[in-house]
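Here is what each chain is made of, one letter per residue.
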Amino acid sequence: MADLLGAINQLRKRIDPLSLQFRLTVGITAVSVLGLGSLAAWTSWQMYQILVNSHKESIVYVAARLPRDVALYSEMLPLEVGLQKAIDNRSTPNLLIWVKRDGTVLAKSETLKADTHGITAQLITQSDLPSKPEVREISDHYLVLCSKPLNVRGRMVGQLYIAQDITKDETMLIDLVRSLSIVSILVISVITLAIALYVQRSLQPLWTMSQTVKAVSAKDLGQTRLQLTQAPSEVRELAQTFNMMLSRLSEAWEQQQQAWEQQRQFVGNVSHELRTPLTIVHGYLQSTLRRATNLTEPQREALEIAAAEASRTIRLLQDLLDLARAESGTMQFRLESLVLNDLVLEIIGMAQQFSSRTIALEAPSVPIMGRVDSNRLRQVLLNLIDNALKYSDPGQPVTVKLDQIGKDATIQVCDRGRGIPLQHQARVFERFYRVDEARARSTTDSSLGLSGSYGLGLAIVKTLVEGMSGSITVRSKGGEGSIFTITLPAY
Ligand code: ADP
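The rules behind these values
- Residues numbered from 1 in each chain as written.
- Predicted model: local features only at pLDDT ≥ 70, side-chain atom pairs only at ≥ 80, totals over all residues.
- Heavy atoms only, no water.
- Helix = DSSP H or I, 4+ residues; strand = E, 2+ residues; numbered from the N terminus.
- Rg over C-alpha atoms; globule rule 2.2 N^0.38 Å.
- Buried < 20%, exposed > 50% of the residue type's maximum accessible area, 1.4 Å probe, protein only.
- Contact = heavy atoms within 4.5 Å.
- Lys, Arg positive; Asp, Glu negative; His and termini not counted.
- Charge placed at Lys NZ, Arg CZ, Asp CG, Glu CD.
- Pairing = 2+ DSSP bridges.
- Axes fitted to C-alpha atoms, helices over the stretch in contact; angles between N-to-C directions.
- Domains from an automatic or database assignment.
- Phe/Tyr/Trp six-rings, centres within 6.5 Å; stacked < 30°, edge-to-face > 60°.
- Lys NZ or Arg CZ within 6 Å of the ring centre and 35° of its normal.
- Patch = residues over 30% accessible without salt bridge, like charges linked within 9 Å, V, L, I, M, F, W, Y side chains within 5 Å.
- Areas by Shrake-Rupley, 256 points an atom, 1.4 Å probe, with all protein chains shown as cover.
- Salt bridge = Lys/Arg side-chain N within 4 Å of Asp/Glu carboxyl O.
- Core = buried A, V, L, I, M, F, W, Y, C linked by side-chain atoms within 4.5 Å.
- Left-handed = near helix turned anticlockwise from the far one by under 90°.
- Nonpolar A, V, L, I, M, F, W, Y, C, P; charged D, E, K, R; others polar.

## A few points about the overall build of the protein chain
Next, step 1: Per the secondary structure count, the protein chain includes 13 helices and 12 strands.
Next, step 2: Relative to the 2.2 N^0.38 estimate, which gives 23 Å for 491 residues, the radius of gyration of the protein chain is 50 Å and therefore markedly larger than a compact globule would have.
Next, step 3: Over its C-alpha atoms, taken along the principal directions, the protein chain stretches across nearly 170 × 50 × 45 Å.
Next, step 4: Buried positions account for 38% of the 491 residues belonging to the protein chain.
Next, step 5: Residue pairs at least 24 apart in sequence account for 64% of intrachain contacts in the protein chain once pairs closer than 6 positions are excluded.
Next, step 6: Side chains of the protein chain carry 52 positive and 48 negative charges; the gap between the two charge centres is 2 Å.

Okay, here's the thing in structure tokens:
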């Protein structure tokens, strides 16, 4: 029972009332039901009409002949005897005849006398019988009945009643109609099944097309081609159009890739070319500041600002270089199996050297092993901790949590700062994306001496984490803080 319910539930899930397959099957089935149903109904009606009409005709014939029979018999016999003889002559086991005058039965068929049908009493008391034959049901018997005055040689003898019992024929007809209905239902069921299979087969190429197109990724746009040799011509034409579209998309994708590659190279080259002279400028500024003794206070201040800006720009150029390298796949990752508890503790210690704020660690006592590049993970965590410090009030704690869930090691950086509104959460990992431009610009100070506030930090973090076969997500609520979760393979 449970199996059957399960199967019905699954079938219900598979049936999509909006699908072409469902609509075509229902449509064609409805037309066949209507066609076959009408045919069956029409055939039954026609058979019934033929049956009833033949009986009506025979009754009309008997009603027309009986007065002449009575006249013939009464030439030799008394009228009552002649009447009975004529009735006996015309009666059959199913044709019942009787004549009444002033409520008294003058003569009646033998079958009525013997009450073979068991309805004599009900029949004889009937007074409102029609003059034209019609079908009536009396005590489970179907009868064709009519009544007319009986005139013999111009003399009114009484009222003639004729009844033909058609119960047997009617029952046969009902049985026939029932069999016809069962056969029709069976035929309709078979037709429905056949139609459903046929429609499913006809739509198969469309389904194949949709599966192929679904599986196409940007990289294999050029190789994917729809081959539907067995499909109907309309679908083949559609497949051809798809193939043409795929080629155009592939060309556009390649052109875009080239443009991106050129852009990446350009950014990488420019960053590289600018970083060296800027590092020299920064070096000269630092040594001038250290060695010069005769600088006025405004001159020293100006040189300090120049040195700080040069340093910030060098870090920005380094970030750009890192991103360009990671995206072109030339960044090297030196993965090794390490105890993450020790590494995270060491990174927190480093961050703590630059900030007076409390950075707490929550980690289990058991060692969690991860396969990571320690320098890259350091860069990642320092960036996240720097953000947590930058975007939360000085009184609020920052916590780093280390844990292992199944085959994954997770590192969470949690703060109780301003949080990131939901609509920005998916985009904070994009390059140069900043939630609130005006507010972010005012929050330029990196506690840990990172480049900061160009909107590049999280983009680099994501690229580095993915480079170590991990992933990063953010969960945050405006005004309540953020949790950045890094998931890395544990060993
Ligand atoms: P930025 O150098 O501007 O901090 P990031 O890429 O590190 O660039 O961060 C992108 C943006 O995400 C930031 O401008 C900031 O608005 C938001 N953001 C990042 N970390 C946090 C955080 N811990 N709390 C609130 N907002 C954050």
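Okay, back to it.
## Structural notes on the environment of leucine 96
Next, step 1: Of note, leucine 96 is situated in strand 1 (residues 95-101).
Next, step 2: With 16 residues separating them in the primary sequence, leucine 96 and leucine 112 have C-alpha atoms 6.7 Å apart.
Next, step 3: With residues near it in sequence (within four places) discarded, leucine 96 still touches Ser109, Thr111, Leu112, His117, Leu123, Tyr161, Ile162 and Ala163.

## Structural notes on the sheet that holds strand 5 (residues 155-165)
Next, step 1: What the 5 strands build is an open sheet, ordered 2-1-5-4-3; its pairing is antiparallel. Only two strands of the sheet have a single neighbouring strand rather than two, namely strand 2 (104-108) and strand 3 (134-138). The average undirected angle you get between the axes of adjacent strands in this sheet is 35°.
Next, step 2: Relative to strand 2, strand 1 runs antiparallel, the two being bridged by 4 bridges. Bridge assignment links valine 99 to a residue of strand 2, and that residue is alanine 107.
Next, step 3: Its contacts with the sheet place helix 3 (residues 79-90) against strand 1, strand 2, strand 4 (141-152) and strand 5, and it is angled at close to 55° to strand 2.

## Some points on the domain arrangement of the protein chain
Next, step 1: When the domains of the protein chain are assigned, the result is domain 1 (16-202), domain 2 (215-331) and domain 3 (332-489).
Next, step 2: For domain 1 versus domain 3, the separation of C-alpha centres amounts to 93 Å.

## Brief notes about the packing of aromatic side chains
When we look at a pair of aromatic rings, we describe it by the centre distance and by the angle of the planes.
Next, step 1: Under the criterion given, the structure shown has 4 aromatic pairs.
Next, step 2: For the ring pair phenylalanine 429 and phenylalanine 484, a centre distance of 6.2 Å and an interplane angle of 85° mean the geometry is edge-to-face. One end of the pair, phenylalanine 429, is in the loop between helix 11 (422-425) and helix 12 (437-442); the other, phenylalanine 484, is in strand 12 (residues 481-489), with 55 residues separating them in the sequence.
Next, step 3: Classification of phenylalanine 429 by relative accessible area gives buried; the value is 12%.
Next, step 4: When the ring centre of phenylalanine 333 is taken as origin, the NZ or CZ atom of arginine 376, which lies over that ring, is 6.0 Å away.

## Describing a nonpolar patch on the surface
Next, step 1: A surface patch of nonpolar side chains, about 380 Å² in accessible area, is lined by Leu20, Leu24, Ile28, Leu206 and Leu238.
Next, step 2: Ranked by the residues each element gives to the nonpolar patch, the list is headed by helix 2 (residues 20-76), at 3 residues.
Next, step 3: On the basis of relative accessible area, leucine 20 is assigned to the partly exposed category, the value being 48%.

## Observations regarding the nonpolar core
Next, step 1: Residues Leu377, Leu384, Ile411 and Ile486 are the most contacted members of the largest nonpolar core, which totals 47 residues.
Next, step 2: When residues of this core are traced back to their parent elements, those giving at least two are helix 8 (297-328), helix 9 (340-354), helix 10 (374-390), strand 9 (398-405), strand 10 (408-415), helix 13 (457-467), strand 11 (471-477) and strand 12.
Next, step 3: Excluding its chain neighbours within four sequence positions, the residues that come into contact with isoleucine 411 are Val344, Leu377, Leu381, Val400, Lys401, Leu402, Phe484, Thr485, Ile486 and Leu488.
Next, step 4: One finds Val70, Leu95, Cys146 and Ile166 within the second-largest nonpolar core, a separate group that totals 23 residues.

## Comments concerning the sheet that holds strand 12
Next, step 1: Taking strand neighbours across the sheet as the criterion, the 5 strands line up as 7-9-10-12-11 in an open arrangement whose pairing is mixed. A single partner strand is all that each edge strand has here, and the edge strands are strand 7 (359-362) and strand 11. The average undirected angle you get between the axes of adjacent strands in this sheet is 15°.
Next, step 2: Bridge count between strand 7 and strand 9: 4 bridges; the pairing is parallel. By the bridge assignment, isoleucine 359 is partnered in strand 9 with valine 398.
Next, step 3: On top of the sheet, helix 9 reaches strand 7, strand 9 and strand 10; it is set at about 175° to strand 7, its chief contact.

## What about the pairing of strand 8 (residues 369-372)?
Next, step 1: By the alternation rule, side chains of strand 8 split into Gly370 and Val372, which are all buried, and Met369 and Arg371, of which none is buried.
Next, step 2: As judged from the 4 bridges shared by strand 6 (residues 336-339) and strand 8, these two strands associate in the antiparallel manner. In the strand pairing of strand 8, glutamate 336 is matched with valine 372.

## Observations concerning the pattern of salt bridges
Next, step 1: This structure, assessed with the given rule, holds 12 salt bridges.
Next, step 2: The shortest N-O distance in the salt bridge between arginine 178 and aspartate 175 comes to 3.8 Å. Remark: aspartate 175 and arginine 178 occur in helix 6 (residues 167-215); sequence separation between them is 3 residues, near one turn of the helix.
Next, step 3: Given a relative accessible area of 51%, arginine 178 falls into the exposed group.
Next, step 4: A salt bridge links lysine 477 to glutamate 480; its shortest N-O distance comes to 4.0 Å.
Next, step 5: A relative accessible area of 51% places lysine 477 in the exposed class.

## Re the packing of helix 8 against helix 13
Next, step 1: As a packed pair, helix 8 and helix 13 sit with axes 10 Å apart at the nearest point and diverge in direction by 35°. Relative to helix 13, helix 8 is oriented so that their crossing is left-handed. On helix 13, the residues touching Asp319, Leu323 and Ala326 of helix 8 are Ala459, Ile460 and Thr463.
Next, step 2: Tallied by class, residues from the contact of helix 8 with helix 13 come to 4 nonpolar, 1 polar and 1 charged.

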